[in-house]
Amino acid sequence: MHFLDPKKVNTTQFQWLVWTAIFLISFFSTLPLSTIGQSFVFNLINTLFYALIIYGNINWLFPRFYERNQKTLYVILVIVFLLAYGISKGYLVNYVYNTFFGHDMPEKTTFLRLLYISISGLLIFLLSFIFRIALAYFGLKKQTEEILLQKTQAELNLLKSQVQPHFLFNTLNNIYYEAYIEAPRTAGLIERLADMMRYFVDDSPKTKVFISTELNFLENYIELEKIRIRHQIALNFTKDYADDYQIPPMLMMTFVENIFKHGIDKTSANNQVDISLLQEGDTLIFKTINTVAAKPERTVGSGIENLRKRLAILYNDDFELRTGEAEGYFMAYFKIPIQ
């Protein structure tokens, strides 16, 4: 049947199936000893009280007290809980039988009988841990299946997405060779664009890339941005690092992108940009200084805050990030550890 297919059943449906099975097994087991009505009511009450013990422990007592290291209080509350279970169940069963089934039980519920019911509830209480493990396993299994499905779908989407970039790379290569004969400068720009696109596809999804790879991407971006500006830019890019360390990709891009978005006056010939990447011991310092446009759209883009959040995720508190404007210049600076 469709609703019994493990791949189609969620945890809620699974629990309903379990409790229904418990009720039916108990019902048919006691049916030869009593009437249908008595067996139905008795086992319905039993099943409800079993559920009360199990869910009371796994959803309230255990997570609220035991998992918060209040073990003594947890034990005391469990004892109180089981005693309350025994008393309430004993009086309820006695009331139902004497009221609806013709005084089949004694009028008074004895202390020993209530104690017996409480102690019998201890077995159900212990079974609650097995029930909790079963639910956790079932939920984890479903989650694993969903993750595998998402992973498979992501891999398929990646394969689909790679078709278009590779087509563009091959097309750009053909255009490059055509342009190289007639316009070598244009061919060089096409080559830079192809390198940037290749970086986006091959390197940017990685957790880390070499500094040289990141700098090559930045230099390509800068050269392509320059062709959109009427006047020359006085740009100085200083690089001084001992080894080609690996760093998370696209960290430096935010500062450089902000320069061309918000810090360059395209109508002015007095744009000045200083960019530096310096290694100091086991830290890497990236800094940009640029003249502020006469009428900037905004001084700092939202990318700065996004960069701050990303650095916090990557390095916790082990980083510095500062930005500021003074005397017509805007400065952006970050410092991160390197390994």
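Quick note: structure is the one above.
This section reports on the structure supplied with the text. This is a predicted model, so every value here is computed, not measured.

How each quantity is defined
Residues numbered from 1 in each chain as written. Predicted model: local features only at pLDDT ≥ 70, side-chain atom pairs only at ≥ 80, totals over all residues. Heavy atoms only, no water. Helix = DSSP H or I, 4+ residues; strand = E, 2+ residues; numbered from the N terminus. Buried < 20%, exposed > 50% of the residue type's maximum accessible area, 1.4 Å probe, protein only. Polar contact = N/O pair within 3.5 Å; in protein donor to acceptor, adjacent residues only side chain to side chain. Contact = heavy atoms within 4.5 Å. Pairing = 2+ DSSP bridges. Phe/Tyr/Trp six-rings, centres within 6.5 Å; stacked < 30°, edge-to-face > 60°. Lys NZ or Arg CZ within 6 Å of the ring centre and 35° of its normal. Axes fitted to C-alpha atoms, helices over the stretch in contact; angles between N-to-C directions.

1. Quick look at the side chain of Thr283
Piece 1. Topologically, Thr283 is positioned in strand β5 (residues 283–291).
Piece 2. On the basis of relative accessibility, which here comes to 15%, the residue Thr283 falls in the buried class.
Piece 3. Within the structure, Thr283 has its side chain in polar contact with the backbone oxygen of Glu280 (distance 2.7 Å).
Piece 4. Every residue in contact with Thr283, bar those within four places of it in the chain, is listed here: Leu278, Lys335, Ile336, Pro337 and Ile338.

2. Focus: the pairing of strand β6 (residues 320–326)
Piece 1. Sheet topology places β6 next to strand β7 (residues 329–337); seven bridges connect them, and they run antiparallel. For Gly324, the partnering residue across the bridge sits in β7 and is Met331.
Piece 2. As consecutive antiparallel partners, β6 and β7 are separated by two residues, and within that stretch Glu327 has a phi angle of approximately 55 degrees, a positive value.

3. Observations regarding the packing of aromatic side chains
Piece 1. For the coordinates displayed, the defined rule picks out 11 aromatic pairs.
Piece 2. Relative to Phe334, the ring of Phe255 lies with its centre 5.5 Å away and its plane at 50 degrees, an arrangement referred to as tilted. Of this pair, Phe255 sits in helix α7 (residues 253–263) while Phe334 sits in strand β7, placing them 79 residues apart in sequence. Across this residue pair, the class does not change: Phe255 and Phe334 are buried.
Piece 3. Aromatic side chains Phe286 and Phe334 sit 5.6 Å apart centroid to centroid with 45 degrees between the ring planes, which places their arrangement in the tilted category. On the criterion of sequence distance, the pair formed by Phe286 in strand β5 and Phe334 in strand β7 is long-range, its members being 48 residues apart. Neither Phe286 nor Phe334 differs from the other in exposure class; each is buried.
Piece 4. Ring pairs connect the aromatic residues Phe62, Tyr66 and Tyr74, which therefore count as one cluster.
Piece 5. Taking NZ or CZ as reference, Lys71 lies 5.1 Å from the ring centre of Tyr66, over its face.
Piece 6. Its guanidinium or amino end placed over the ring of Tyr333, Arg322 lies 4.4 Å from that ring's centre, counting from NZ or CZ.

4. A closer look at the sheet that holds strand β4 (residues 272–280)
Piece 1. Across the sheet, which stays open at both edges, the five strands sit in the order β2-β4-β5-β7-β6 with mixed pairing between neighbours. The sheet is open, and its two edges are formed by β2 (234–240) and β6, each paired on a single side. Pairwise comparison of adjacent strand axes, ignoring direction, gives a mean angle of 10 degrees for this sheet.
Piece 2. Where β4 and β5 come together, eight bridges link them in antiparallel fashion. Pairing of Ile275 across the sheet is with Thr288, part of β5.

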